[in-house]
2 protein chains.
Amino acid sequence: MSQHIVIIGGVALGPKAACRFKRLEPSSRVTMVDQSALISYGGCGIPYYVSGDVSDASELCTTSFHMVRDVDFFREVKGVDVRTLTRATRIDRESKQVHLTDVTTGEESVLGYDKLVIATGASPRRLGLPGEDLKGVSYVCNPDDATRIREGISKGEVGKAVIIGAGFIGLEMAEAFADMWGVETTVVEITGQIMPRLVSPALATMGQRHMEENGVTFHFGETVKAIEGEDGRVTRVVTDKRTLEADAVIIAAGVVPGSDIAREAGLEVHPRGGVIVDEHMRTSDPDIYAGGDCAIVRNLITGDQAYLPLGSMANRQGRVIGTNLAGGDASFDGVVGSFVVKFFERSMAGTGLSLEGARAAGFEAMSVLLIQLDRAHFYPSKELMTLEMVVDKPTRRVLGVQGFGSTRDAMVGRINAVAAILKYAPKVEDISNMELAYSPPFASAMDILNSLANLADNALRGINRGVGPDGFKRLWDARDTDGCFFLDCREAGDADPYIERHPGEWHNVPQGQIYDRLAEIPKDRPVVLVCNTGARSYEAQVMLTEKGYKDVTNVQGGMAAIKNYGVDL
Amino acid sequence: MSQHIVIIGGVALGPKAACRFKRLEPSSRVTMVDQSALISYGGCGIPYYVSGDVSDASELCTTSFHMVRDVDFFREVKGVDVRTLTRATRIDRESKQVHLTDVTTGEESVLGYDKLVIATGASPRRLGLPGEDLKGVSYVCNPDDATRIREGISKGEVGKAVIIGAGFIGLEMAEAFADMWGVETTVVEITGQIMPRLVSPALATMGQRHMEENGVTFHFGETVKAIEGEDGRVTRVVTDKRTLEADAVIIAAGVVPGSDIAREAGLEVHPRGGVIVDEHMRTSDPDIYAGGDCAIVRNLITGDQAYLPLGSMANRQGRVIGTNLAGGDASFDGVVGSFVVKFFERSMAGTGLSLEGARAAGFEAMSVLLIQLDRAHFYPSKELMTLEMVVDKPTRRVLGVQGFGSTRDAMVGRINAVAAILKYAPKVEDISNMELAYSPPFASAMDILNSLANLADNALRGINRGVGPDGFKRLWDARDTDGCFFLDCREAGDADPYIERHPGEWHNVPQGQIYDRLAEIPKDRPVVLVCNTGARSYEAQVMLTEKGYKDVTNVQGGMAAIKNYGVDL
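Keep in mind it's a predicted model, so treat the numbers as computed, not measured. (Residues numbered from 1 in each chain as written. Chains lettered and ligands numbered in written order. Predicted model: local features only at pLDDT ≥ 70, side-chain atom pairs only at ≥ 80, totals over all residues.)

Asks: Would you mind showing me how to read the overall build of chain A here?
Replies: Tallying secondary structure elements over chain A gives 17 helices and 31 strands in all. Relative to a compact globule of 569 residues, whose C-alpha radius of gyration would be 25 Å, chain A shows 27 Å and is just as compact. Judged by the C-alpha coordinates and their principal axes, chain A covers about 90 × 55 × 45 Å. When each of the 569 residues of chain A is scored for burial, the buried share is 56%. Long-range contacts, defined here as pairs at least 24 residues apart, represent 66% of the contacts in chain A between residues at least 6 apart. (Helix = DSSP H or I, 4+ residues; strand = E, 2+ residues; numbered from the N terminus. Rg over C-alpha atoms; globule rule 2.2 N^0.38 Å. Buried ≥ 20, exposed ≤ 12 C-beta atoms within 10 Å, placed from the backbone. Contact = placed C-beta atoms within 7 Å.)

Asks: When you look at the interface of chain B and chain A in this model, what are you seeing that I'm missing?
Replies: Interfaces are often described in size by the accessible area the parts lose on coming together. Contacts between the two partners involve 76 residues from chain B, matched on the other side by 76 residues from chain A. Examining the composition of the side of chain B that touches chain A, we find that 9 residues originate from one element, helix α10 (residues 410-421) of chain B, more than from any other. Class assignment of the residues belonging to the side of chain B that touches chain A gives a composition of 40 nonpolar, 21 polar and 15 charged. (Nonpolar A, V, L, I, M, F, W, Y, C, P; charged D, E, K, R; others polar.)

Asks: How do you make sense of the domain arrangement of chain A when you look at a structure like this?
Replies: Residue and element names in this part refer to chain A. Domain parsing of chain A yields domain 1 (4-122 + 256-325), domain 2 (137-253), domain 3 (339-444) and domain 4 (466-565). Taking only C-alpha atoms, the centre of domain 3 and the centre of domain 4 are 26 Å apart. Contact with domain 3, which involves 7 residues of that partner, is made by 9 residues of domain 4. Counting only elements with at least two residues in the side of domain 3 that touches domain 4, the list comes to β24 (365-373) and β25 (384-392). Among the elements that take part in the side of domain 3 that touches domain 4, β24 stands out by supplying 5 residues, more than any other. (Domains from an automatic or database assignment.)

Asks: Looking at this structure, how should I read the sheet that holds strand β1 (residues 4-8) of chain B?
Replies: Strand pairing within a sheet occurs via backbone hydrogen bonds; the two strands may be parallel or antiparallel. All names here are of chain B. On the basis of which strands lie adjacent, the open sheet formed by 5 strands has the order β3-β2-β1-β7-β19 and parallel pairing. Of all the strands in the sheet, just β3 (81-83) and β19 (288-290) have a single pairing partner and so form its edges. Recorded for the sheet is a direction-independent mean angle of 20° between the axes of neighbouring strands. Sheet analysis places strand β2 (residues 29-33) next to β3, joined by 3 bridges and oriented parallel. Note that in β3 the partner of Val33 across the bridge is Arg83. Helix-sheet contacts for helix α1 (residues 13-24) involve β1, β2 and β7 (115-118), and the interaxial angle to β2 is about 170°. (Pairing = 2+ DSSP bridges. Axes fitted to C-alpha atoms, helices over the stretch in contact; angles between N-to-C directions.)

Asks: Got a minute to help me understand the sheet that holds strand β12 (residues 216-220) of chain A in this structure?
Replies: Residues and elements named next belong to chain A. Here we have 5 strands laid out as an open sheet, ordered β9-β16-β10-β11-β12, and parallel in their pairing. Looking at the sheet topology across the chains shown, the edges are occupied by β9 (137-138) and β12. Direction of pairing for strand β10 (residues 160-164) relative to strand β11 (residues 184-189): parallel, over a ladder of 5 bridges. The partner of Ile163 across the bridge, within β11, is Val187. Taken strand by strand, helix α5 (residues 168-181) contacts β10, β11, β12 and β16 (248-251), and its axis lies near 165° from that of β11.

Asks: Explain the nonpolar core here, please?
Replies: Nonpolar side chains in soluble globular proteins tend to be buried together. By size, the foremost hydrophobic cluster in this structure holds 385 residues, and its most contacted members are Ile118, Val249 and Ala437 of chain A together with Ile118, Val249 and Ala437 of chain B. Once you skip the residues sitting within four places of it in the chain, Val249 of chain B turns out to touch Gly136, Val137, Val162, Ile164, Ile227, Val234 and Val237 of chain B. (Core = buried A, V, L, I, M, F, W, Y, C linked by C-beta atoms within 7 Å.)

Asks: When you look at the pairing of strand β14 (residues 233-239) of chain B in this model, what are you seeing that I'm missing?
Replies: Here is the key point about a regular strand: its side chains alternate between the two faces of the sheet. All names here are of chain B. Where strand β13 (residues 224-230) lies against β14, 6 bridges are found, and the strand directions are antiparallel. Residue Glu228 lies in a different strand from β14, and its bridge partner there is Arg236. Hairpin remark: β13 followed by β14, antiparallel, with 2 residues in the connecting loop; positive phi at Asp231, about 50°. Note: β14 against strand β15 (residues 243-245), 3 bridges, orientation antiparallel. Each bridged residue has a counterpart across the sheet, and for Val238 the counterpart in β15 is Thr243. Hairpin connection of β14 to β15: 3 residues between the antiparallel strands.

Asks: Would you take a moment to explain the relation of the copies chain B and chain A for this structure?
Replies: Two copies of one chain are present, and they are related through a rotation about an axis combined with an axial shift. Superposition of chain B onto chain A requires a rotation of 180° combined with a translation of 0.0 Å along the rotation axis, giving an RMSD of 0.0 Å. Both copies of the chain, as the preceding transformation shows, are related through a two-fold rotation axis. Interface overlap between copies: 100% of the residues of chain B at the interface are likewise at the interface in chain A, consistent with a symmetric, same-surface contact. (Least-squares fit on C-alpha atoms with pLDDT ≥ 70 in both.)

Asks: Where do I start with the environment of Leu308 of chain B in this structure?
Replies: Residues and elements named next belong to chain B. Locating Leu308 in the fold gives a position in the loop between β21 (305-306) and α8 (311-325). On a C-alpha basis, the gap between Leu308 and Val199 in space is 16 Å, while along the polypeptide they are 109 residues apart. For Leu308, the contacting residues outside a window of four places in its chain are Val297, Met313, Val335 and Gly337.

Asks: Would you take a moment to explain the environment of Ile521 of chain A for this structure?
Replies: All names here are of chain A. Along the polypeptide, Ile521 turns up in the loop between β29 (506-508) and β30 (527-530). Once the C-alpha coordinates of Ile521 and Leu544 are considered, the two residues, 23 residues apart in sequence, prove to be 9.2 Å apart. Sequence-distant contacts of Ile521, that is, excluding residues within four places in its chain, are made with Phe485, Leu487, Val509, Val527 and Leu544.

Asks: Sorry, what's going on with α8 of chain B here?
Replies: Two residues of an α-helix separated by three or four positions point the same way, owing to the 3.6 residues in each turn. All names here are of chain B. Its 15 residues place the ends of α8 21 Å apart at the C-alpha level, agreeing with the 21 Å of an ideal helix rising 1.5 Å per residue. Where burial is concerned, most of α8 is hidden: 15 out of the 15 residues are buried. Once α8 ends, the next one or two residues include Gly327, with phi positive near 90°. (Expected span 1.5 Å × (residues − 1).)

Asks: Just checking my understanding: could you explain helix α1 (residues 13-24) of chain A for this structure?
Replies: Its 12 residues place the ends of α1 of chain A 17 Å apart at the C-alpha level, agreeing with the 16 Å of an ideal helix rising 1.5 Å per residue. Counting buried positions over the 12 residues of α1 of chain A gives 11, a clear majority of the element. Listing the buried residues of α1 of chain A in full gives Leu13, Gly14, Pro15, Lys16, Ala17, Ala18, Cys19, Arg20, Phe21, Lys22 and Arg23 of chain A. Each element contacted by the buried residues of α1 of chain A is listed here: β1 (4-8), β2 (29-33), β7 (115-118) and α8 (311-325) of chain A together with α16 (535-546) of chain B.

Asks: Please clarify how the packing of α1 of chain B against α8 of chain B should be interpreted in this entry.
Replies: A pair of packed helices is captured by two measures, namely the crossing angle of their axes and the spacing between those axes. Residues and elements named next belong to chain B. At their nearest, the axes of α1 and α8 sit 7 Å apart, and the two run at 35° to each other. The interaxial crossing formed by α1 with α8 has right-handed handedness. Contacts between α1 and α8 involve Leu13, Lys16, Ala17, Arg20, Phe21 and Leu24 on the former and, on the latter, Ala314, Asn315, Gln317, Gly318, Arg319, Ile321, Gly322, Thr323 and Leu325. (Left-handed = near helix turned anticlockwise from the far one by under 90°.)

Asks: Is there a simple way to explain unusual backbone geometry in this structure?
Replies: Residues and elements named next belong to chain A. Even without glycine at this site, Met281 takes up a positive phi of about 70°. Looking at the element boundaries, Met281 is found in the loop between β18 (275-276) and β19 (288-290). The exposure class of Met281 is buried, given the 29 C-beta atoms found within 10 Å. Located in the positive-phi region is Arg396, a residue other than glycine, with phi close to 65°. Along the polypeptide, Arg396 turns up in the loop between β25 and β26 (397-405). Judged by C-beta crowding, with 16 C-beta atoms within 10 Å, Arg396 ranks as partly exposed.

Asks: Would you mind showing me how to read the pairing of β26 of chain A here?
Replies: Residue and element names in this part refer to chain A. Across the 9 residues of β26, 8 count as buried, placing the element largely inside the fold. Sheet topology places strand β23 (residues 346-352) next to β26; 6 bridges connect them, and they run antiparallel. Paired with Gly352 across the two strands is Gly400, which belongs to β26. The pairing of β25 with β26 spans 7 bridges and is classified as antiparallel. Bridge pairing in β26 links Val390 to Gly400.

Asks: What is the right way to read the environment of Lys393 of chain B from this model?
Replies: Within the secondary structure, Lys393 of chain B is located in the loop between β25 (384-392) and β26 (397-406). Setting aside residues no more than four positions away along its own chain, Lys393 of chain B makes contact with Glu364, Ala365, Met366 and Leu460 of chain B.

Asks: Could you clarify how one ought to interpret the confidence of the model for chain A in this entry?
Replies: Where the model shows low pLDDT, its predicted coordinates should not be examined in detail. A residue-level look at chain A finds 100% of positions with pLDDT of 70 or above and a mean pLDDT of 95. For this predicted complex, the interface score ipTM comes out at 0.96, while the overall pTM is 0.96. (pLDDT = per-residue confidence, 0-100.)

Structural data, given as structure tokens:
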């Protein structure tokens, strides 16, 4: 019954699968090979080491109780043999052997397996540009890179940094440079927003503004053409629109799954890379498993193939593989696409599909945006958070929720509650009635998630007809041509400063006085209603609609969203 | 089509149903009656007003944008007529009329309705004891009570307080007295623990100890026999075991649903009180709805009738009623029983059934307990949290999760993610694979919820055989008779202080050295394994089991749980 399991790759999934298997079959043998010297490190922690939040790179390579996860640790504590600096070059499925090369000596060897796990991870996407190998250009892919970057900064060698790519790692690195080290930091992004496809332009702009307020510069819609240097060291980044001086360049343009060895062995691999696995994490060869950053899984919302390289995926998939290696029947059904990222004093999180993603997947989707306090409004330490819900109009199915808020856990907690139910194809009403734990220090009596679903319900019924802050900006910018009547329905004290700044353009009737002051509101112009967060403007919309006004829009998220979004009012 | 809706009760559900209905049917009329002068207040905020966290009682009666929710507000802003100080005395279903009495003048009147909403709430359970009406004895049921209590404290009239009942309100009030005002505070509870039936004795003891460390005294298993006073003012509380001096007494012994008017009208009412409603919140009379603290709903886990008086329920149910009053088809399927409470620097939360509740409901339940960090172990601001999962053994169905942690939102966020899926009858593996958003500032790569489900899986498979800190205490206290061998499997530096204190009783073999030092571990005695949080003791259990040891137990939660639980080691 004793088996020999070989695992190619020793960072996240590999060790997890190895240790799980060994606990289930202690008498079997596991050999894990990795081409580098360093194994089982927390790669996701690298930006926090660069920033200095994590003081020592070795912390990324220890257990939570400070044991170093090195070769000795795996042998003594976990009963797993590890061969570092050993590259797997070929899988011979016929003879069930892996061909290995010692990276240091070049010596070749062969290792037989009963079952094999491909945990080869991913590598940073290279841009294929001149200058990409200059000193000072990095990809942030392992603790050694990170140590080099941090040493450069702490020696004062980095005054200006350019980050290429505004995804998770790009933004985390931008914060690390700008926040802790005061480096002049610029992010160049090929699309028009941060976190493209993951959040809406409205949420993205809120995040971008917060980063700008903390000293980060952004250039969107720009393509890097070259990285230039002097004496072998980077000095400039050239885009299609400008040249940026740079002492350090971080390329954070995504990752490429390491599936070459699988493809060469004849396993089923996605045309764009990534090993295809079934719900047991088994490849097209029943004796070979794959998972983590080198594998393609299923998106539980669209049913399509998905690539989601995250350390958390690798850990959960690793356990499933470990169980199945020992004859178990564990499943990993797929992913819904949850994420969270912190930058400075804000965080952005989401799960499921963004509006753009939903439409690309063929849904007839709409979204609503809500700003509300994260706990009872009378509780002292409350904060506003913004959530956006994406809904399939014909079926009322909730496809995703994304949010922008503080760095407290309140926002990601809401996202996680939605993430938990997405695989059950929830309807809007399932979230209207979601039973979040309530007491004033932790939630409002009507929690923001319930309110968000209620707003979606009202929008689907057509009784709440609104735009987000981006829609408001378009209407406001076109006020001379479109002739919209902008009506602030807060109390006079709140509205007066805007009336003073925009006489004749900004108007005020408090919502409670609308029926008495209808004469002040023109019936022959589109009316745009604004309040603090969108609740009173919705009430006003209902009232005006009842009185026969035909073209009434309310601004979802109100002045709070407008302010976060950054309209100059 | 225009209707007249009458709503009896103006605190949480009533206003919500009224406003929702008016937004859907602005041309219809709503009259809301309430027997008190004060309406639409946040009753759940009262403990925070008493403590001083909320500075002014009026904040409990305003909207999040500081508008006072009084009669004028409801008329002008919401279009709802409110008659305060008006008691509904009888419902005449035949003629569709409500009989009213003016509380001030005693004048009687009659109000016709098309549809009626019973939102009569609940009243505090009285103990039926002598002295219950003495000055200084309160029930914390409305802002007036709270103001009186706080005035008494701030005038220095309260040196010693006795709280009767260790449920949510009792604990919140105990904190309010002890924390902000330094009042000598004692809680008397009839059962053996805080939050009876809601959390396990292990979690309850952790919470209790934290409150004791903050100056609160507890007496469990005691029944209050009398409240005594002098000159009409309370001075003592007499229990079956002792006499406690008291300048203030809070009776927090639960609430009683206000369903008399419904019963007298012949509507279906639960034998122990509470109006029975269907999933549309409709009573046995199709023209009468009920909800909030006066209604009985369905428990989605057991299918039984449930009473869960919480402001959050009232708000969600109120919206459902408002929608249905306007001809809609909204549902409130039932409850899973989510809760969260803060005391001092800790919080306790849960959803679904506790182990005790699950067994009472007929499930063949077991539970596991886990302590883990709330975010990446290398991230600077992490904290430990304790979670307990309750599982039905034959079906692997997850019945509930309860937790104890800091006051950050990380713990309640995990509880909410479980709360969201409980109605789908999830299995353990649904939580093993739950896709919580991951990045180091917010979660571990293997989130504590995933780990908790993995632990339950291992326990169900019989490969992790453990006890919680309460089980450990029983074994340790019986060490002279049971002959257990207590083996600390941490590194020597961690174990040595315990060996010094308990020579011959506490032993140490680091988990990584177990195979080499088997000779030190007796095969003929039960072995109890302890590490920091239970992860290494589980590994050690696997190793010893493989080597033929028959009776090996590991302590779930390890020294961290033992310390929180308060075993004197």
